[in-house]
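Below, each chain spelled out in residue letters.
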Amino acid sequence: MEKLVLIIGGNLGKRELLLSQANNLLIENFGSPELKSKVYETEAWGGKSKGAYLNQVLVFRTDLEPMEVLKKTQKVENLLGRHREVKWGDRTMDIDILYYGDLVINFPEIQIPHPFISKRRFVLEPLAEVLPDFIHPLLKMTNAELLLDSTDESQVYVYEKSPE
Ligand SMILES: Nc1ncnc2c1ncn2[C@@H]1O[C@H](COP(=O)(O)OP(=O)(O)OP(=O)(O)O)[C@@H](O)[C@H]1O
Ligand SMILES: Nc1nc2c(c(=O)[nH]1)N=C(CO)CN2
């Protein structure tokens, strides 16, 4: 069984509902997560979208091969209304594979560890919350160290539910 670390999130539609639906669909595919970060409200990163995202990191154990994992996460994105249009643009649900144990692979359709981990505070904050001591297999730094080192100044807060 390998440690599978995902980040999920979106900035369109009913963000909280979509996040909880993504959680449920991922549990159907990968079983209960071993760890779940808090939900973070995060400024849109990459300059191509505007509204703030809700993001969360989930950690599973899996026997599925990385490409099988990707097929399943893409199916969940599609079920939740994801349309692939603008790179880094607005979306209802995006699911990225951050780590798959210590595996390093680099194909156009799948790169692990995800190449932008160290550049994105919206990834590093929840990641350092749940796996502070996990070592990035290429950068040889822990997630906590990557967060301390990060120069991304975008806003990332723990999400406080808005009153009903
Ligand atoms: N680790 C990974 N996790 C998810 N998708 C990946 C990964 N590595 C490569 N990909 C590929 O990237 C494509 C994702 O494109 P997508 O439109 O979601 O990019 P994006 O979410 O805008 O950008 P980013 O991947 O930088 O978050 C997928 O079709 C998939 O094949
Ligand atoms: N805050 C935040 N910004 C993003 C996100 C995301 O999940 N959160 N995903 C993107 C697509 O890669 C682009 N920008």
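Everything that follows concerns the structure shown earlier in this document.
Since the structure is predicted, the reported quantities are computational estimates derived from the model, not experimental observations.

### Examining the pairing of strand β1 (residues 2-10)
Logical step 1: Within β1, eight of the nine residues are buried, leaving the element largely enclosed by the surrounding structure.
Logical step 2: As paired elements, β1 and strand β4 (residues 53-62) share nine bridges and run antiparallel to each other. Bridging across to β4, Lys3 finds its partner in Arg61.
Logical step 3: The pairing of β1 with strand β5 (residues 94-100) spans six bridges and is antiparallel. Each residue of the ladder has a partner; that of Ile8, found in β5, is Ile95.

### Describing helix α1 (residues 15-30)
Logical step 1: Here α1 spans 22 Å end to end across 16 residues, near enough to the 22 Å set by a 1.5 Å rise per residue.
Logical step 2: Arg15, Leu18, Leu19, Ala22, Asn23, Leu25, Leu26 and Phe30 are the residues of α1 that are buried.
Logical step 3: Buried residues belonging to α1 abut β1, β2 (35-36), β3 (40-42), β4, α2 (66-79) and β5.
Logical step 4: Just downstream of α1, Gly31 is the residue with a positive phi angle, here 80°.

### Quick notes on the packing of aromatic side chains
Logical step 1: Applying the stated rule across the entire model yields three aromatic pairs.
Logical step 2: With a centroid separation of 4.6 Å and an interplanar angle of 50°, the aromatic rings of Tyr99 and Phe134 are classed as tilted. Of this pair, Tyr99 sits in strand β5 while Phe134 sits in the loop between α3 (121-130) and α4 (143-149), placing them 35 residues apart in sequence.
Logical step 3: According to the relative accessible area criterion, Tyr99 is buried, its value standing at 0%.

### Brief notes about the environment of Val130
Logical step 1: By the element assignment, Val130 lies in helix α3.
Logical step 2: Measuring from C-alpha to C-alpha, the distance between Val130 and Lys38 comes to 8.9 Å, with 92 residues separating the pair along the chain.
Logical step 3: Apart from residues no more than four positions distant in its own chain, Val130 is found in contact with Leu35, Lys36, Ser37, Val57 and Val59.

### Here's the deal with unusual backbone geometry
Logical step 1: Of note, the amide linkage connecting Ile112 to Pro113 takes the cis form, showing an omega dihedral of -5°.
Logical step 2: Here Pro113 shows up in the loop between β7 (110-112) and α3.
Logical step 3: One non-glycine residue, Lys140, adopts positive backbone phi at about 55°.
Logical step 4: Relative to the helices and strands, Lys140 resides in the loop between α3 and α4.

### Points about the packing of α1 against α2
Logical step 1: For the pair α1 and α2, the least separation of the axes is 10 Å and the interaxial angle reads 150°. Relative to α2, α1 is oriented roughly antiparallel. Regarding α1 and α2, the two cross each other, and that crossing is right-handed. Contact with α1, carried on its side by Ala22, Leu25, Leu26, Asn29 and Phe30, involves Val69, Lys72, Thr73, Val76 and Leu79 of α2 and no other residues of that element.
Logical step 2: When its residues are assigned to classes, the contact of α1 with α2 shows seven nonpolar, two polar and one charged.

### Notes on the site of ligand 2
Logical step 1: Close contacts around ligand 2 come from eleven residues, with Thr42, Glu43, Trp45, Asn55 and Phe122 the closest.
Logical step 2: Taking Thr42, its side chain carries an N or O atom lying 2.8 Å from a nitrogen atom of ligand 2.
Logical step 3: Backbone polar atom of Glu43 to a nitrogen atom of ligand 2: 2.8 Å apart, as the coordinates give it.
Logical step 4: Burial of ligand 2 by the surrounding chains reaches 96%, relative to a free accessible area of 340 Å².

What counts, and at which threshold
Residues numbered from 1 in each chain as written. Chains lettered and ligands numbered in written order. Predicted model: local features only at pLDDT ≥ 70, side-chain atom pairs only at ≥ 80, totals over all residues. Heavy atoms only, no water. Buried < 20%, exposed > 50% of the residue type's maximum accessible area, 1.4 Å probe, protein only. Helix = DSSP H or I, 4+ residues; strand = E, 2+ residues; numbered from the N terminus. Pairing = 2+ DSSP bridges. Expected span 1.5 Å × (residues − 1). Contact = heavy atoms within 4.5 Å. Phe/Tyr/Trp six-rings, centres within 6.5 Å; stacked < 30°, edge-to-face > 60°. Axes fitted to C-alpha atoms, helices over the stretch in contact; angles between N-to-C directions. Parallel < 35°, antiparallel > 145°, perpendicular 65-115°, else oblique. Left-handed = near helix turned anticlockwise from the far one by under 90°. Nonpolar A, V, L, I, M, F, W, Y, C, P; charged D, E, K, R; others polar. Near = heavy atom within 4 Å. Polar contact = N/O pair within 3.5 Å; in protein donor to acceptor, adjacent residues only side chain to side chain. Areas by Shrake-Rupley, 256 points an atom, 1.4 Å probe, with all protein chains shown as cover.

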